[in-house]
Amino acid sequence: MKRGGLGLALVWLLSAAPLFLPWQAISGRDLSPGALALLPWLVWATLPRSELDSRRLDALAVWLAAPLFVLGLALDRARDHTWSDSLLVCGGAALLVFAYAWSAQRCARTRRGRRIYAGAWFALIAGAPALRATFEGIGGALFGPAPVWLNVCARPSPLSWWHGHLHVPASGIGPGLPWAALGLALVLALLAGREQEVRA
Amino acid sequence: MSCALALLLVLQSRLAWARYELHGPMSEPALELVAGSSTRLTGALLAGEHVERLLPVVVDPLGSRGEPRWTWSEDPDRAGRARFLGWDHEAEMQWSALPPGLRARPRPPVLPADTTPPLALFFLLGGAALASVGLARRGRLAPLVPSLAGCVLAWWFAGAANPGAPLTWTVLEGQGGDGPWIEVRAAWETLALPAEATALVLASEPEAAPISVVTKLAHADGLDLRAPGAALTSSRVCDPAPGRIDASGQDCADFEAVWWRAEGEWTYRGAWSRGQALPAARLGDPPPGWLMNGLPQGPRVCLARTAGPNPRWFRDLGP
């Protein structure tokens, strides 16, 4: 509980700090402070759980994150982002936080679920988007664009959806809901649930 | 020298005017001359309908000026057409006829609204978080109260920092008693110009920022300008002039604050109502730097500001 509590405090600080930085001067007005504030919560929610992890921390995280979510939404609105853009970006990220916290908790109940979730976390949730970002950022000049299979693997990651919606489109085209990422969370939870039924 | 300066100022305008004849069917036509910048006309023309319009075109002030490209929708048979009738130079001529000193005055300091919340909110939210942690042992819903308080504080502070509608600077520039006045409107990213305040000259900072213009197709109307990440400044001749200003009285507006320069000395005069004589000098703030910079030495200067959340600024040079 103590280690988990410290982790939660760190997540709160990482989430709150960017909201108080003068992003207006650093970046354009299209940056979504709400999405930026939700990244630490999203990373924390997707992390694989152990069997012993307390569920009280997850319940407490909701109360800690709520004011920062509201502040992020208000700052999005203050930047002249439309209600639909702000709600879809912040709401989509918040939905992913809930979905992955639930999926990680559910997978933590069984040994097979924990193994599946940990593998999926390394391969799909964090690994594929990180590898794709490395290809596009550093390796792009040497190897060209990221291969198609890597793009396909990275697409259902909640971090890919977050990265794609960090900047609200200025053209007025609204962002889409994270269906692929929600689907992945559901599939992982279902895989863990089947194991439980078999064992029962 | 003055002709060269005038020509330079004319060439710096990001907006030119082109005369077009548009024949339907077409819907939401848009024209583009400079990549990234466009003029979109809201509305539609049916088959057989046509309209002749003088349209604003965003140009590269230092680039060559060709014929804009058109796109539109709802024309399956490709029967709609846009006929270019030529560029209209009336605005440029009207602008270049003004005294060069009047056109070359410093622009208002347009900056994006600062949306960064105050640091005090960080500590207030931190306090709410600690209270939530402290109350968590009393039950699952016990942290609800400090969390909700944090939400209200966050919304209120960010709402208070939000200036609401984007600030539009309005500066009225006068020169020489009965001489012409110009009105300068400036704003960050978005600038709405009503039909009676159409720009003679449009400037952007950065100079090459893409600008999109939206206006109506059916008839001449106001312009909605948008330039992401840029300041927009529009200037036009103020007709009729707002009034006359001299020490015996003024009939421009009720000023909230006035700064007066006579014989090289600046004095603060406080509020100055319409029709009253110039108030006596008193202690007060110095004039804003952007308003007093770049003025010629010698003539009498009156700088003034009206009241309200979106005040009008006056900068008048006497003879």
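Attention in this report is confined to the structure presented alongside it. (Residues numbered from 1 in each chain as written. Chains lettered and ligands numbered in written order. Predicted model: local features only at pLDDT ≥ 70, side-chain atom pairs only at ≥ 80, totals over all residues.)

## Brief notes about the overall build of chain B
- Looking only at helices and strands, chain B features 6 helices and 18 strands.
- The 319 residues of chain B split such that 33% are buried.
- Sequence-distant contacts in chain B: of pairs separated by 6 or more residues, those separated by 24 or more amount to 67%. (Helix = DSSP H or I, 4+ residues; strand = E, 2+ residues; numbered from the N terminus. Buried ≥ 20, exposed ≤ 12 C-beta atoms within 10 Å, placed from the backbone. Contact = placed C-beta atoms within 7 Å.)

## Some thoughts on the nonpolar core
- With 65 residues, the main nonpolar core has Leu 38, Phe 69, Ala 93 and Val 97 of chain A together with Ala 154 of chain B as its most contacted residues.
- Per-element accounting of this core gives the leading share, 14 residues, to helix α4 (residues 55-78) of chain A.
- The residues touching Val 97 of chain A, leaving out its near neighbours within four places in the chain, are Leu 38, Trp 41, Leu 42 and Ala 45 of chain A.
- Of all hydrophobic cores here, the second largest spans 56 residues; its members include Met 26, Ala 187, Trp 188 and Leu 232 of chain B. (Core = buried A, V, L, I, M, F, W, Y, C linked by C-beta atoms within 7 Å.)

## Observations regarding the environment of Pro 286 of chain B
- Along the chain, Pro 286 of chain B falls in the loop between β16 (265-272) and α6 (289-292).
- It is 7.8 Å that separates the C-alpha atoms of Pro 286 of chain B and Trp 259 of chain B, two residues lying 27 residues apart in sequence.

## As for the interface of chain A and chain B
- Listed as interface residues are 24 residues of chain A and, on the opposing side, 27 residues of chain B.
- Looking at the side of chain A that touches chain B, the elements that each hand over two or more residues are α1 (2-16) and α4 of chain A.
- In terms of residues, the side of chain A that touches chain B owes the most to one element, α4 of chain A, which gives 14 residues.
- Partitioning the side of chain A that touches chain B into residue classes produces 18 nonpolar, 2 polar and 4 charged. (Nonpolar A, V, L, I, M, F, W, Y, C, P; charged D, E, K, R; others polar.)

## A closer look at the packing of α4 of chain A against helix α5 (residues 83-107) of chain A
All names here are of chain A.
- Following both chains from N to C, one finds α4 and α5 inclined at 170 degrees, their axes separated by 10 Å at the closest point. Judged by the inter-axis angle, α4 sits roughly antiparallel to α5. Across from Arg 55, Asp 58, Phe 69, Gly 72, Leu 73, Asp 76 and Arg 77 in α4, the residues of α5 making contact are Ser 86, Cys 90, Ala 94, Ala 101 and Gln 105.
- Across the contact of α4 with α5, the residue classes tally to 5 nonpolar, 3 polar and 4 charged. (Axes fitted to C-alpha atoms, helices over the stretch in contact; angles between N-to-C directions. Parallel < 35°, antiparallel > 145°, perpendicular 65-115°, else oblique.)

## Considerations on the sheet that holds strand β7 (residues 81-88) of chain B
Residue and element names in this part refer to chain B.
- Strand order in the open sheet made by the 3 strands is β5-β1-β7, with antiparallel pairing throughout. At either end of the open sheet lies a strand with only one pairing partner, and these are β5 (50-58) and β7. Between one strand and the next, the sheet's axes are offset by a mean angle of 30 degrees, whatever the strand orientation.
- Sheet analysis places strand β1 (residues 15-23) next to β5, joined by 9 bridges and oriented antiparallel. Bridging across to β5, Ala 16 finds its partner in Val 57. (Pairing = 2+ DSSP bridges.)

## A short note on α4 of chain A
All names here are of chain A.
- Over its 24 residues, α4 extends 35 Å from the first C-alpha to the last, a length consistent with the 34 Å expected when each residue adds 1.5 Å.
- In α4, a bend of some 35 degrees at Ala 65 exceeds every other bend along the element, and Pro 67, a proline, comes one to four places later.
- Across the 24 residues that make up α4, a large majority, 18, are buried.
- Within two residues after α4, Asp 80 carries a phi angle of roughly 70 degrees, on the positive side. (Expected span 1.5 Å × (residues − 1). Bend = angle between axes of the 7 residues up to and from the residue.)

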